[in-house]
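In case you want the letters, here they are:
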Amino acid sequence: MKFKKTFYLIIILILISGCTNNKKNNTEIKILDKAPSTLEDIYKDISKVLDGVGTIERINLDIDFKNEDKSTDKQSGEESSSREESKNPQDLQSGTGNMEKSESQNSSDKESQDSNKSSSSSEDKIDEKIKTSWKDVDKSLESIYLKWSEYESDGIKKGVSKDRVSQLKDSINKMTKSVEERNMIGTYEFGSLSLLNLKPLFDLYKDDYRGEICDLKYSIYQYYIKAISNDKEGALNAVASKEENINKIRLLIGDDEKKTKELEKVSTQLENLDISLNEDSKRVYILEKDTLIKNLESLE
């Protein structure tokens, strides 16, 4: 009798232990149900292409905050102007003749030549920065194709339809052609569309919210494209009704206070983008776009 009780007790303990282990295993599977690194890399490289075009646009519009050479040139110009102003009163007070006027003219000509050289040098540096930025974009494109070749078969096994594959490849090819032509608006258009076409792939992984980020990024870039084209209604429509994306991200980030705070920044800024359209300023649109993109990337 005692043997039977002991035997049943051992069986019960084994069953309880097995159930506990199964729960742990299920929890681990749930945590790991996120997109593989290859899909993540494709997303990051497409984002790099878009960021690269943004950098080139900033350089062209003289919003290149990292350009220390320009501040140096400006300081040099101010010193040159100061020297020129200090000379003029002395020339007026000297009351002398042609030799002094000639020297003053020679000095002015020299300063003008130096200024032209400085301006030419500054333009050369800007051109070089733009060329370097485009080369970086080219490298990101190559990485996209390599990573896609690694992921494609796995994605199809996971359940990606042929139509989804075709849509994504088509938008990536069009983005590549736009880069080849150094067409910034085309790169924004098809680069953001490539992100949107990544969303269904990320949605295959139930604990990954980057599909929602792809959707939001697409809307932000479309807002920017419409805004600089003076299509204000189209710009507003591009960022309208994004509450569903925001709510899905909110559910998946859970109790992460830092990410919740960043998400609220994005939500509030999206709601108030109509204010920026009143300025008709490309610089304003660029800064709004870049701020939103940075806040979204802090959620990754």
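Residues numbered from 1 in each chain as written. Predicted model: local features only at pLDDT ≥ 70, side-chain atom pairs only at ≥ 80, totals over all residues. Heavy atoms only, no water.

Trainee: What should I look at first to understand the overall build of the protein chain in this one?
Mentor: For the protein chain, the count of helices and strands is 12 helices and 0 strands. Shown N-terminal to C-terminal, the secondary structure of the protein chain runs as helices and strands in the order α-α-α-α-α-α-α-α-α-α-α-α. Taken across its 300 residues, the protein chain has 35% of its residues classed as buried. Partitioning the contacts of the protein chain with sequence separation of at least 6, the portion at a separation of at least 24 is 76%. By element, 51% of the accessible surface of the protein chain is carried by carbon and sulfur atoms, the whole surface being about 18600 Å². (Helix = DSSP H or I, 4+ residues; strand = E, 2+ residues; numbered from the N terminus. Buried < 20%, exposed > 50% of the residue type's maximum accessible area, 1.4 Å probe, protein only. Contact = heavy atoms within 4.5 Å. Areas by Shrake-Rupley, 256 points an atom, 1.4 Å probe, with all protein chains shown as cover.)

Trainee: What am I meant to see in the side chain of Asn295 here?
Mentor: Positionally, Asn295 belongs in helix α12 (residues 282-297). When its relative accessible area of 13% is taken as the criterion, Asn295 is described as buried. The contact partners of Asn295, leaving out residues within four places of it in the chain, are Glu262, Lys265, Val266 and Gln269.

Trainee: I keep staring at the pattern of salt bridges and nothing clicks. Help me out?
Mentor: Between side chains of opposite charge, a pair can form as their charged atoms come close. For the structure shown, the criterion picks out 19 salt bridges. Here Glu262 makes a salt bridge to Lys265, at a shortest N to O gap of 3.3 Å. In this pair, Glu262 and Lys265 both sit in helix α10 (residues 257-271), 3 residues apart, roughly one turn of the helix. Its relative accessible area of 13% is what places Glu262 among the buried residues. Classification of Lys265 by relative accessible area gives partly exposed; the value is 38%. One connected set of salt bridges, linked through shared partners, spans Glu40, Lys44, Asp208 and Arg210. (Salt bridge = Lys/Arg side-chain N within 4 Å of Asp/Glu carboxyl O.)

Trainee: When you look at helix α9 (residues 243-253) in this model, what are you seeing that I'm missing?
Mentor: Note: α-helices contain 3.6 residues per turn, so residues at a spacing of three or four share the same orientation. For α9, the set of buried residues is Asn245, Ile246, Ile249 and Ile253. Along the long axis of α9, the arc covered by the buried residues comes to 95 degrees, so they all point the same way. Those residues of α9 that are exposed and angled more than 90 degrees off the buried face are Glu243, Glu244 and Leu251. Structurally, α9 contributes buried residues whose contacts are with α6 (184-202), α7 (210-228) and α10. Phi for Gly254, located one or two positions after α9, is positive at around 60 degrees. (Arc of directions from axis to C-beta.)

Trainee: It is not clear to me how the packing of aromatic side chains should be interpreted in this structure. Could you clarify?
Mentor: Two numbers describe a pair of aromatic rings. These are the distance of the centres and the angle of the planes. One pass over the structure, following the stated rule, counts 4 aromatic pairs. Ring centres 6.0 Å apart and planes at 90 degrees place the aromatic pair Tyr43 and Phe202 in the edge-to-face group. Here Tyr43 is found in helix α2 (residues 37-60), whereas its partner Phe202 is found in helix α6, with 159 residues between them in sequence. Per residue, the accessibility class of Tyr43 equals that of Phe202, and both read buried. A centroid spacing of 5.9 Å and a plane angle of 50 degrees characterise the contact between Trp148 and Tyr151, whose relative ring orientation is tilted. Taken together, the positions of Trp148 and Tyr151, both in helix α4 (residues 98-158) and 3 residues apart, correspond to about one turn of that helix. (Phe/Tyr/Trp six-rings, centres within 6.5 Å; stacked < 30°, edge-to-face > 60°.)

Trainee: What should I look at first to understand a negative patch on the surface in this one?
Mentor: A contiguous patch of negative charge, built from Glu123, Asp124, Asp127 and Glu128, is present on the exposed surface. Residue position: Asp127 is located in helix α4. Taking the relative accessible area as the measure of exposure, Asp127 reaches 43% and is therefore partly exposed. (Patch = residues over 30% accessible without salt bridge, like charges linked within 9 Å, V, L, I, M, F, W, Y side chains within 5 Å. Lys, Arg positive; Asp, Glu negative; His and termini not counted. Charge placed at Lys NZ, Arg CZ, Asp CG, Glu CD.)

Trainee: When you look at α7 in this model, what are you seeing that I'm missing?
Mentor: For α7, which comprises 19 residues, the first-to-last C-alpha distance of 27 Å matches the rise-based estimate of 27 Å (1.5 Å per residue) to within 8%. When you tally the buried positions in α7, you get 16 out of 19 residues, the bulk of the element. Phi for Asn230, located one or two positions after α7, is positive at around 65 degrees. (Expected span 1.5 Å × (residues − 1).)

Trainee: Explain the packing of α9 against α10 here, please?
Mentor: Relative placement of two packed helices is described by the angle separating their axes and the distance separating the axes. Look at α9 against α10: their axes get within 10 Å of each other, and the N-to-C directions meet at 175 degrees. Regarding the angle of α9 to α10, the classification is roughly antiparallel. Listed contacts from α10 to Ile246, Ile249, Arg250 and Ile253 of α9 are Lys259, Thr260, Leu263, Glu264, Val266, Ser267 and Leu270. (Axes fitted to C-alpha atoms, helices over the stretch in contact; angles between N-to-C directions. Parallel < 35°, antiparallel > 145°, perpendicular 65-115°, else oblique.)

Trainee: What am I meant to see in the packing of α7 against α12 here?
Mentor: Closest axis-to-axis distance for the α7/α12 pair is 10 Å, and the angle between their directions is 175 degrees. With respect to α12, the element α7 is oriented roughly antiparallel. Between α7, through Ile213, Leu216, Lys217, Ile220, Tyr221, Tyr223, Tyr224, Ala227 and Ile228, and α12, the contact on the second element is made entirely by Lys282, Tyr285, Ile286, Lys289, Leu292, Ile293, Leu296 and Glu297. Of the residues contributing to the contact of α7 with α12, the split by class is 13 nonpolar, no polar and 4 charged. (Nonpolar A, V, L, I, M, F, W, Y, C, P; charged D, E, K, R; others polar.)

Trainee: It is not clear to me how the nonpolar core should be interpreted in this structure. Could you clarify?
Mentor: Buried together is how nonpolar side chains tend to be arranged in soluble globular proteins. Grouped together as the largest cluster of nonpolar side chains are 58 residues, with contacts concentrated most on Leu198 and Leu270. Residues contacting Leu198, with those up to four places away along its chain left out, are Leu39, Ile42, Tyr43, Ile46, Leu168 and Cys214. (Core = buried A, V, L, I, M, F, W, Y, C linked by side-chain atoms within 4.5 Å.)

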